[in-house]
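Next come the chains, spelled out residue by residue.
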Amino acid sequence: NALTYPDLIAVLALFLLALAALLQIGTILAEHLNRWIIYRKASAIARDIGKPLLVMGRPMRPWVHGCGDVTLDMDPRVASECPNSVVADVRHLPFQDNSFGAVFCSHVLEELDSPESFRLAIKEMHRVAKEVFVAYTLATNLWWRHLSPKNRLTLRRVGKDILASRRKGLLR
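Source: prediction; values computed, not measured. (Residues numbered from 1 in each chain as written. Predicted model: local features only at pLDDT ≥ 70, side-chain atom pairs only at ≥ 80, totals over all residues. Heavy atoms only, no water.)

(A) Spatial organisation of the overall build of the protein chain. Within the protein chain, the secondary structure is distributed over four helices and seven strands. Listing every helix and strand of the protein chain by position from the N terminus yields α-β-β-α-β-β-α-β-α-β-β. Within the protein chain, the proportion of its 172 residues that are buried is 41%. Put simply, 56% of the contacts in the protein chain that link residues at least 6 apart link residues at least 24 apart. Surface exposure of the protein chain reaches about 10,300 Å², of which carbon and sulfur atoms provide 62%. (Helix = DSSP H or I, 4+ residues; strand = E, 2+ residues; numbered from the N terminus. Buried < 20%, exposed > 50% of the residue type's maximum accessible area, 1.4 Å probe, protein only. Contact = heavy atoms within 4.5 Å. Areas by Shrake-Rupley, 256 points an atom, 1.4 Å probe, with all protein chains shown as cover.)

(B) The arrangement of the layout of surface pockets in detail. Its boundaries defined by the atoms lining it, the largest pocket holds a volume of some 680 Å³. What lines the largest pocket is a set of 30 residues, and nearest its centre among them are Ser-106, His-107, Val-108, Glu-111 and Lys-150. At the level of secondary structure, the elements contributing two or more residues to the lining of the largest pocket comprise helix H1 (5–49), strand S2 (70–73) and helix H2 (76–79). Top contributing element to the lining of the largest pocket by residue count: H1, with four residues. For the lining of the largest pocket, the per-class residue count stands at 10 nonpolar, eight polar and 12 charged. As a volume, the second largest pocket reaches approximately 300 Å³. (1 Å grid on protein atoms, 1.4 Å probe; cavity = no way out; pocket = protein on both sides within 12 Å on 5 of 7 lines; lining within 4 Å. Points joined across faces, edges and corners; volume = space filled by probe spheres on them. Nonpolar A, V, L, I, M, F, W, Y, C, P; charged D, E, K, R; others polar.)

(C) The sheet that holds strand S3 (residues 85–87), seen in detail. An order of S3-S2-S1-S4-S5 is seen for the five strands of this open sheet, with the pairing classed as parallel. In this open sheet, the two strands that pair with only one neighbour each are S3 and strand S5 (129–135). When strand polarity is set aside, the average angle formed by the axes of neighbouring strands in this sheet is 20 degrees. Sheet topology note: the S2/S3 ladder contains three bridges and is parallel. Counted as the bridge partner of Asp-73 is Val-87 from S3. The sheet contacts of helix H3 (residues 115–128) involve strand S1 (53–56), strand S4 (100–106) and S5, and relative to S5 the element is tilted by about 140 degrees. (Pairing = 2+ DSSP bridges. Axes fitted to C-alpha atoms, helices over the stretch in contact; angles between N-to-C directions.)

(D) Spotlight on the nonpolar core. By size, the foremost hydrophobic cluster in this structure holds 27 residues, and its most contacted members are Leu-54, Met-56, Leu-109 and Met-125. Elements represented by at least two residues in this core include exactly S1, S2, S4, H3, S5, strand S6 (153–158) and strand S7 (161–166). If one sorts the elements of this core by residue count, H3 sits on top with five residues. Discounting chain neighbours no more than four positions away, the residues touching Leu-54 are Val-70, Leu-72, Phe-95, Phe-100, Ala-102, Val-103, Phe-104 and Val-128. (Core = buried A, V, L, I, M, F, W, Y, C linked by side-chain atoms within 4.5 Å.)

(E) Just the environment of Thr-71, in detail. Mapped onto the elements of the fold, Thr-71 is located in strand S2. On the accessibility criterion, Thr-71 (0% relative accessible area) is buried. Expressed as a C-alpha distance, the spacing of Thr-71 and Pro-83, which sit 12 residues apart in the sequence, is 8.3 Å. Contacts of Thr-71, omitting those with residues within four sequence positions, involve Val-55, Gly-57, Pro-59, Cys-82, Asn-84, Ser-85 and Val-86. Among the polar contacts listed, one links the side chain of Thr-71 to the backbone oxygen of Cys-67, at a separation of 2.7 Å. (Polar contact = N/O pair within 3.5 Å; in protein donor to acceptor, adjacent residues only side chain to side chain.)

(F) Here's a closer look at the pairing of S4. When you tally the buried positions in S4, you get seven out of seven residues, the bulk of the element. Alignment of S4 against S5, held across six bridges, turns out to be parallel. Across the sheet, Val-103 pairs through a bridge with Val-132, a residue of S5. Taken together, S4, H3 and S5 constitute a β-α-β crossover, and its handedness is right-handed. (Right-handed = clockwise from strand over helix to strand, strands pointing away.)

(G) Fine view of the pattern of salt bridges. Scanning the entire structure with this criterion turns up seven salt bridges. A salt bridge links Asp-75 to Arg-77, with the nearest nitrogen and oxygen atoms 2.8 Å apart. Via salt bridges that share partners, Asp-89, Arg-91 and Asp-113 belong to a single interconnected network. (Salt bridge = Lys/Arg side-chain N within 4 Å of Asp/Glu carboxyl O.)

Quick look at the structure:
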C-alpha cells in the first residue's frame, strides 16, 4: 500500500507540528532556566550589597524564582502570593532612591503599552536599586512573543542594553 500524495502531505504536516511543539517546549525550558540563573545572580548581588532584593512580576515558586525580600506587581492577586508585597505600577515605584541592592524583573516589561513606558520603568528600577536584572520572553517563544494579547512590546538585548519596540505579532 503506497501512500498517496495527500497522505504524504498529512504525514509531513504532523511531523512539522510535532517539531514545532518540541521547539516550543525547549524554548519554555530555556526561558525558565534563564530566569532561574538571573534570579540567583540578582539575589546574590543584593545579599553582597547588604540590601533587599525587589522582585517585579509573578514569582514562579518553588522551582524557578521566589518572592525576594519585596515583591511588586500591579495585580493585587499576584502580589498577595508573597508575604512582603506591594501593589504598584512599575513606571512609578513607591520606594526611595537606592532602597534595594538589586531588582529582578521577570516578564513584566513586555506588557507595558509603549517603548516610552518601558524606558520609564527601566529608569525607575535603576533609581531604586544598584543593579537591575531583567528576564524577558525569548524570540522563539511563539505564544508569548507573537500570539498573546497581553504582550505589547518585544524586548531584545543589544550588548548590555535592552531595547523595546512595539510588537508586530499576529495579535496585538
